[in-house]
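Breakdown of the fold
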Amino acid sequence: MLYRVKQFLRAITAKLTEDDYRFINFYLNERERQLFYSLSKSEQYHSINVARCVLQTSIKEGCYDIILIKAALLHDIGKIDSGLNPITKSIMVILDKIFSQKLKKLKRIKFIRAYYDHPKIALDYLGNKKNYLAFLIENHHNYNINDRKLKLLQRADCKN
């Protein structure tokens, strides 16, 4: 619970630094940066934290891959223009714990659909390409796949 409170406070106070902008420019091309900057500031901040965690861990574990860092930065692009913000996301986290199955029936509501389906929605933004970047983003909430780099991304996403 305390983790969620900290996460909420970080989200509402999120600000990018010059170092963050350099990091983004190093790893993302122009089109990818456009997608990244279409995310809310809180999602950008979250994604940078995930990417930095992925970077450190992948170097330590000997599996550094630029595609993995790109995936960490872009993993939540399915939330672009979703109506999810720190408040609606917090509400969804609480309601999901209580009414998960009932909420999933309300996916016609934009922010509910984005909460549950943002990995699949992201494929539209990626142009439905079938490559490793798309695989990582599409499956970042699928814990049944045994892929070393995907597991690393999932751990970093859960931590941040």
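Our subject in this report is the structure included herewith. (Residues numbered from 1 in each chain as written. Predicted model: local features only at pLDDT ≥ 70, side-chain atom pairs only at ≥ 80, totals over all residues. Heavy atoms only, no water.)

1. Section: helix α4 (residues 41–60)
- With 20 residues, α4 extends 29 Å between its outermost C-alpha atoms, agreeing within 8% with the 28 Å of an ideal straight helix rising 1.5 Å per residue.
- Positioned one or two residues after α4, G62 has a phi angle of 70°, which is positive. (Helix = DSSP H or I, 4+ residues; strand = E, 2+ residues; numbered from the N terminus. Expected span 1.5 Å × (residues − 1).)

2. Some words on the pattern of salt bridges
- The tally for this structure, following the rule as stated, stands at 12 salt bridges.
- Residue E43 pairs with K79 through a salt bridge whose shortest N-O separation is 3.5 Å. Of this pair, E43 sits in helix α4 while K79 sits in the loop between α5 (66–74) and α6 (86–104), and the two are 36 residues apart along the sequence. Each member of the pair, E43 as well as K79, carries the same accessibility label: buried.
- Here D76 and K79 are joined by a salt bridge, their closest N and O atoms 3.6 Å apart.
- On the basis of relative accessibility, which here comes to 10%, the residue K79 falls in the buried class.
- Members of the salt-bridge network, linked through shared partners, are D19, D20, R22 and R52. (Salt bridge = Lys/Arg side-chain N within 4 Å of Asp/Glu carboxyl O. Buried < 20%, exposed > 50% of the residue type's maximum accessible area, 1.4 Å probe, protein only.)

3. Here we look at the packing of α6 against helix α7 (residues 110–125)
- Contact geometry for α6 and α7: axes closest at 11 Å, N-to-C directions at 85°. The pairing of α6 with α7 is recorded here as roughly perpendicular in orientation. Listed contacts from α7 to T88, M92, V93, D96, S100, L103 and K104 of α6 are F111, I112, Y115 and Y116.
- Counted by class, the contact of α6 with α7 contains 7 nonpolar, 2 polar and 2 charged residues. (Axes fitted to C-alpha atoms, helices over the stretch in contact; angles between N-to-C directions. Parallel < 35°, antiparallel > 145°, perpendicular 65-115°, else oblique. Contact = heavy atoms within 4.5 Å. Nonpolar A, V, L, I, M, F, W, Y, C, P; charged D, E, K, R; others polar.)

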